[in-house]
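Given next are the chains, with one letter for each unit.
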Amino acid sequence: MKFKVIFLTARCLTIELEDEGIVKTQAYSIYVNGVKTRVSDRTVESLYDLLPDTEYSLAVGRGANAPEPVIIRTPKEFVTLNVRDFGAAGDGVREDTAAIQAAILCCPKEGRVLIPAGVYRIGALFLKSDLRLELAAGAVLSAYTDREKFPILPGLITAWDEEQEYNLASWEGNPLDSFASIITGIGVKNVVIYGQGTIEGNGSYENWWEGEGREKTGGAFRPRTIFLNRCENVTVQGIRIQNSPAWTLHPYFSNRTRWIDLDLVNPKISPNTDGMDPESVNGLEVVGVHFSLGDDCIAVKSGKYYMGSTYKVPSQNIEIRQCHMQFGHGSVTLGSEIGAGVRHLWCHDCIFEGTDRGLRIKTRRGRGKDSIIEDIVFENILMDGVLTPFVLNSYYWCCDPDGHSEYVRCKDPLPVDERTPEVRSLCFKNITAHNCHAAAAFLYGLPESKVGEIEFSNVSIDFAKHPTAEYPAMMADVEPCTRKGVMIRNCRKLILDHVQVEGAEEPVYDLDGIDEIIRIPDEEKD
Amino acid sequence: MANQSEWKKEWGEPVRDLRSLCVRMPGIVRFETTRNQKEGYQEIQAVFRKVYEQAVWMDPALEETREDLSWYLLALSRTIPEVDEEVFDHRMNLVRQYRNTLKRVLPYYGEMRGEEQERIRESIRGACREKILIADKYTAYC
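Model, not experiment: these values are computed from the prediction.

A. Quick look at the overall build of chain A. Scanning chain A from terminus to terminus reveals 3 helices and 43 strands. Radius of gyration (C-alpha) of chain A: 24 Å, near the 24 Å computed for a compact globule of 526 residues. Considered along the principal axes of its C-alpha atoms, chain A spans approximately 70 × 70 × 40 Å. Within chain A, the fraction of its 526 residues that count as buried is 50%. A sequence separation of at least 24 residues applies to 72% of the contacts in chain A between residues at least 6 apart.

Right, dumping it as structure tokens:
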């Protein structure tokens, strides 16, 4: 069996199997120094309790034959700072914020902050550069839910010249005052957070998720679990995060971040508890992450109009693979705050299960001319029980004051201007979607700014035996439906290469406003 | 509701009565924010955009422009806090108008009449409270 070591620290590593399926595979064994150490069926698997600066032989295989080992060497580690030595109690009663924060601030380069087993009550912790933060097995960072335990990060601070600005916080695409997150990084570099421990956000309908508690209360919007603002080279590996107050992971204007072998769990009914919201990021890798959530699993963003048009930083160069996405609204969503666009996103070898939508693009007139969606590729995806696998909504009506206005909802062509967004290319390859409910595909472009190209290649879609009628998209003049086939509006070039739709009501293809259609095989000639 | 929407006809092009803009617009925006689901926001932006385009051509070196400019600055300063911060670009459009106009007007502050100066001082105090100006820089006006 072939595998790669995709993550290595002085104390742990993660492997990824090659060509062994999506998310899960047949059971296999992992050998460390010739000793069978672990049996797993996951294509992305982690090993812990390694020692620094030590050589290991590593092999994976099935059956009696000893597999060929790979030799690895763990990096050096200078020193371990155990938070208990800094006064942390870990008893689930006393507050440990100050003790853990002190250990973090004292951590030298190549040092490790160790949080051993125990329950640590905390408010907000701030990262520093060159930090290795380990949450050991049995360690729980249990966050308070009292607002006074969290400092406020001002959204935008006016600079002395009154022209520049310092943006510290963000809420739903705008630079608005927010509580610092449970883990907050501001401008830090070279950070690794890893281990088998848990961050417990303690979000519930008695605190962060309660009606007014969802809104700005106590002078700020809700914290996220991890917020990285203008950070570089940060990896988060292994840990479980649950009951997040709002979005779980929010890398913001941050580059080269990696999210590996995580378990993100929020109740299906929890509000705005997206799994991950990369916003204006460049270089993002999501591997082997399990999502089970109340909102979008991954929602890629780049700000509303102000942030998008002022900074013009798109989200780009994103790879998502070997992830299992369950129960969210969208598995992978683009938008709706995409003022600076999204480019070069490759989502492959993933399972989408029971989400409302598979790919979900939410945009609208008013997002602006910098809001360009380009080179979005979905490949080798298995979907099961997804209501509508492919959705492009160019008339998204939620979350803006003018969302229901005639300007947003109008289906006639309007003049192309500064406010007009653009979708250039979407590609869906080797995708199977079983047990859909509402529609096979619902892709609705703007008439004045047609989608450049949509390609479906080797795509197979069928419907549940007893499908539920649902809205395929949140836009005006769309009613709940079921067994709707492929509906596409306003596209310059559409490629349908070996597309199968079973169980849809006639007409299976409802296409309008499409300049060129390429069908393979060409049914008309057959 | 009908009466509350009458304002849309009130300011034609050009917008002549800037005193009225200052007196009425903060309340209109408050109504739009709290009771009308911000449906009038686009029109409000359009009114301020028109005024800004006019103001760009008003030379504060000329005495006859200063009353209008001082009303305009006060209108902006009183209106900005009423704009829902979640419609951030609308708020920042007004902030930009305020900062740009103030920068042009302040060099002539000493030549202005007392009531014009008072309006500008009040607008600066409001802008400092909103943190769209750095209070340290304007102690002479506060």
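We are not done yet, so read on.
B. Quick look at the interface of chain A and chain B. Taken together, the contacts link 11 residues of chain A with 15 residues of chain B. Class assignment for the residues of the side of chain A that touches chain B results in 6 nonpolar, 2 polar and 3 charged.

C. Summary view of the domain arrangement of chain A. Residue and element names in this part refer to chain A. When cut into domains, chain A gives domain 1 (3–73), domain 2 (78–229) and domain 3 (313–526). Put simply, the middle of domain 1 and the middle of domain 2, counted by C-alpha atoms, are 32 Å apart. Contacts between domain 1 and domain 2 engage 4 residues on the former and 5 residues on the latter. Here the residues of the side of domain 1 that touches domain 2 are counted per class, giving 2 nonpolar, 1 polar and 1 charged.

D. Region of the structure containing the nonpolar core. Grouped together as the largest cluster of nonpolar side chains are 136 residues, with contacts concentrated most on Ile100, Ile104, Val113, Val286 and Ala441 of chain A. Tallying contributions element by element places strand E42 (residues 484–502) of chain A first for this core, with 8 residues. One finds Leu18, Met25, Leu76 and Val83 of chain B within the second-largest nonpolar core, a separate group that totals 40 residues.

E. View of the packing of helix H2 (residues 18–35) of chain B against helix H4 (residues 63–79) of chain B. All names here are of chain B. Where H2 contacts H4, the axes come no closer than 8 Å and their chain directions differ by 5°. Of the possible angle classes, the one that applies to H2 and H4 is roughly parallel. On H4, the residues touching Leu18, Arg19, Leu21, Cys22, Met25, Pro26 and Val29 of H2 are Asp68, Trp71, Tyr72, Leu74, Ala75, Arg78 and Thr79. Per-class residue counts for the contact of H2 with H4 are 10 nonpolar, 1 polar and 3 charged.

F. Highlighting the pairing of strand E20 (residues 189–195) of chain A. All names here are of chain A. The buried fraction of E20 amounts to 5 of the 7 residues, a majority that puts the element mostly inside the structure. As paired strands, strand E13 (residues 132–135) and E20 are joined by 4 bridges and run parallel to one another. Residue pairing across strands places Leu135 opposite Gly195, the latter belonging to E20. Sheet topology note: the E20/strand E23 (residues 232–237) ladder contains 4 bridges and is parallel. Bridged to Val191 within E23 is Val234.

G. Structural detail: the sheet that holds strand E7 (residues 70–73) of chain A. All names here are of chain A. Read from one edge of the open sheet, 4 strands run E4-E3-E6-E7, paired in antiparallel fashion. In the strand order of this sheet, the two ends are held by strand E4 (35–42) and E7, each with one partner. In this sheet, neighbouring strand axes are inclined to one another by 30° on average, regardless of whether the strands run parallel or antiparallel.

H. Structural detail: unusual backbone geometry. Of note, the bond from Gly335 of chain A into Ser336 of chain A is cis; its omega dihedral lies within 30 degrees of zero at 0°. By the secondary structure assignment, Ser336 of chain A is in the loop between strand E33 (330–335) and strand E34 (342–353). Residues Glu506 of chain A and Pro507 of chain A are joined by a peptide bond in cis, for which omega reads -5°. Residue position: Pro507 of chain A is located in the loop between E42 and strand E43 (509–520). Phi at His344 of chain A is positive, roughly 55°, even though this residue is not glycine. The residue His344 of chain A is located in strand E34 in this model. The backbone of Lys38 of chain B shows a phi angle near 65°, a positive value even though the residue is not glycine. Structurally, Lys38 of chain B is set in the loop between H2 and helix H3 (41–56). According to the C-beta neighbour criterion, Lys38 of chain B is buried, with 22 such atoms within 10 Å.

I. Expanded view of the pairing of strand E1 (residues 3–8) of chain A. Residue and element names in this part refer to chain A. Bridge count for E1 against strand E2 (residues 13–17) is 5 bridges, and the pairing is antiparallel. Residue Phe7 lies in a different strand from E2, and its bridge partner there is Thr14. Taking the residues that link successive antiparallel strands as the turn, the E1-E2 hairpin has 4 residues.

J. Here's a closer look at the sheet that holds E2 of chain A. Residue and element names in this part refer to chain A. Taken in spatial order, the 3 strands of this open sheet run E1-E2-E5, and their pairing is antiparallel. Since the sheet does not close on itself, it has two edges, and those belong to E1 and strand E5 (44–47), each with one partner. Sheet twist, expressed as the mean angle between neighbouring strand axes with direction ignored, is 25°.

Conventions used here
Residues numbered from 1 in each chain as written. Chains lettered and ligands numbered in written order. Predicted model: local features only at pLDDT ≥ 70, side-chain atom pairs only at ≥ 80, totals over all residues. Helix = DSSP H or I, 4+ residues; strand = E, 2+ residues; numbered from the N terminus. Rg over C-alpha atoms; globule rule 2.2 N^0.38 Å. Buried ≥ 20, exposed ≤ 12 C-beta atoms within 10 Å, placed from the backbone. Contact = placed C-beta atoms within 7 Å. Nonpolar A, V, L, I, M, F, W, Y, C, P; charged D, E, K, R; others polar. Domains from an automatic or database assignment. Core = buried A, V, L, I, M, F, W, Y, C linked by C-beta atoms within 7 Å. Axes fitted to C-alpha atoms, helices over the stretch in contact; angles between N-to-C directions. Parallel < 35°, antiparallel > 145°, perpendicular 65-115°, else oblique. Pairing = 2+ DSSP bridges.

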